[in-house]
Amino acid sequence: MTTPTRCTPSGLPLEWVCAREFAVHVRHISSASGVPWRVLALLAGVSSRTVGRLVGRGRPMRRIRAVDAERLLMLTPLAISAAEQQFVDPVSTVRRVRVLLMNGHSVNDVAAYLGVSPGGLARLITEPEPRCTAMMRVRARAACEAHHLWWADQPAELGADEPDVLPECAA
């Protein structure tokens, strides 16, 4: 008797790999770059829950989906640097910053979440044509996620304005 193979929505078999090496990789990249694990998860296009478990938040993982493993391997210093230099549409970032501020987060805290100075944050939300990097956008999204401000993303825009940043940065 054969065991049934679980499949992805596309019909391809769902493959798994040992999670140990990827947990070490994520911890190392986070430590070396100073980028929080939740931001790395969003950069890679991997569930924050998955990456959180890899870094010791919740029940440990013994295996990880092969597709997530591949995405995590694309987390390199070069890819992170590219996200810090690539300019993107600031609309969703400005919206998330305003949501954070309206929910009691200080200007200094939100600036730290985004990795900018308080003056840089002020420019982002007050200038008519603000400049925003892919890293700032992902950091704002991660901050809202970490503080359970899911409604900062309007349903029609979920994922639409934020494709996985890493693959195009790594190219």
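Remember, predicted model here, so these are calculated numbers, not experimental data.

Q: Whenever I open this one, helix α4 (residues 66–73) confuses me. Can you help?
A: One turn of the α-helix equals 3.6 residues, which is why residues spaced by three or four share an orientation. Every buried residue of α4 is listed here: A66, D68, A69 and L72. Axial view of α4: buried residues confined to an arc of 160°, hence all on one face. Those residues of α4 hidden inside the fold are in contact with β1 (16–18), α1 (20–33), α2 (37–44), α3 (48–54) and β2 (63–65).

Q: Quick question: what am I supposed to make of the pattern of salt bridges here?
A: Note on pairing: side chains with opposite charge can pair once their charged atoms come close. Taken as a whole and assessed by the stated rule, the structure comprises two salt bridges. As a salt-bridge pair, E145 and R38 come within 2.9 Å of each other at their nearest N and O atoms. A residue pair is termed long-range when its members are at least 10 positions apart, and E145 in helix α9 (residues 134–146) and R38 in helix α2 qualify at 107 residues. Here R65 and D68 are joined by a salt bridge, their closest N and O atoms 2.9 Å apart. On the basis of relative accessibility, which here comes to 32%, the residue R65 falls in the partly exposed class. A relative accessible area of 4% means that D68 is categorised as buried.

Q: I'm lost on the packing of aromatic side chains in this one. Help?
A: The relation between two aromatic rings is expressed through the spacing of the ring centres and the mutual angle of the planes. The full count for this structure, using the stated rule, is zero aromatic pairs. The ring of W16 has R63 lying over it, and the distance from NZ or CZ to the ring centre is 4.3 Å. The ring of F87 has R131 lying over it, and the distance from NZ or CZ to the ring centre is 3.9 Å.

The rules behind the values
Sequence order as written defines residue numbering, which begins from 1 separately in each chain. Totals for whole chains, interfaces and linings use every residue, but because this is a predicted model, local features are given only for residues with pLDDT of at least 70 and side-chain atom pairs only at 80 or more, for both listing and counting. The basis for every side-chain value is the complete set of heavy atoms in the structure, and neither hydrogens nor water enter the calculation. Each residue gets one of three labels from its accessible area relative to the maximum for its type: buried under 20%, exposed over 50%, partly exposed in between, using a 1.4 Å probe on protein chains only. Working definition: helices are DSSP H or I runs of at least four residues, strands are E runs of at least two. Numbering for both runs from the N terminus. To obtain the arc, one takes the directions from the helix axis to the C-beta atoms. Contact between two residues is taken to exist if any of their heavy atoms lie within 4.5 Å; hydrogens are not considered. The term salt bridge refers to a side-chain nitrogen of Lys or Arg lying within 4 Å of a carboxyl oxygen of Asp or Glu. Classification of ring pairs rests on two measures: the distance between centres of Phe, Tyr or Trp rings, Trp counted by its six-membered ring, which must be within 6.5 Å, and the angle between planes, read as stacked under 30 degrees, edge-to-face over 60 and tilted in between. Lysine and arginine charges are scored as sitting over a ring when NZ or CZ, respectively, is within 6 Å of the ring centre and within 35 degrees of the ring normal.

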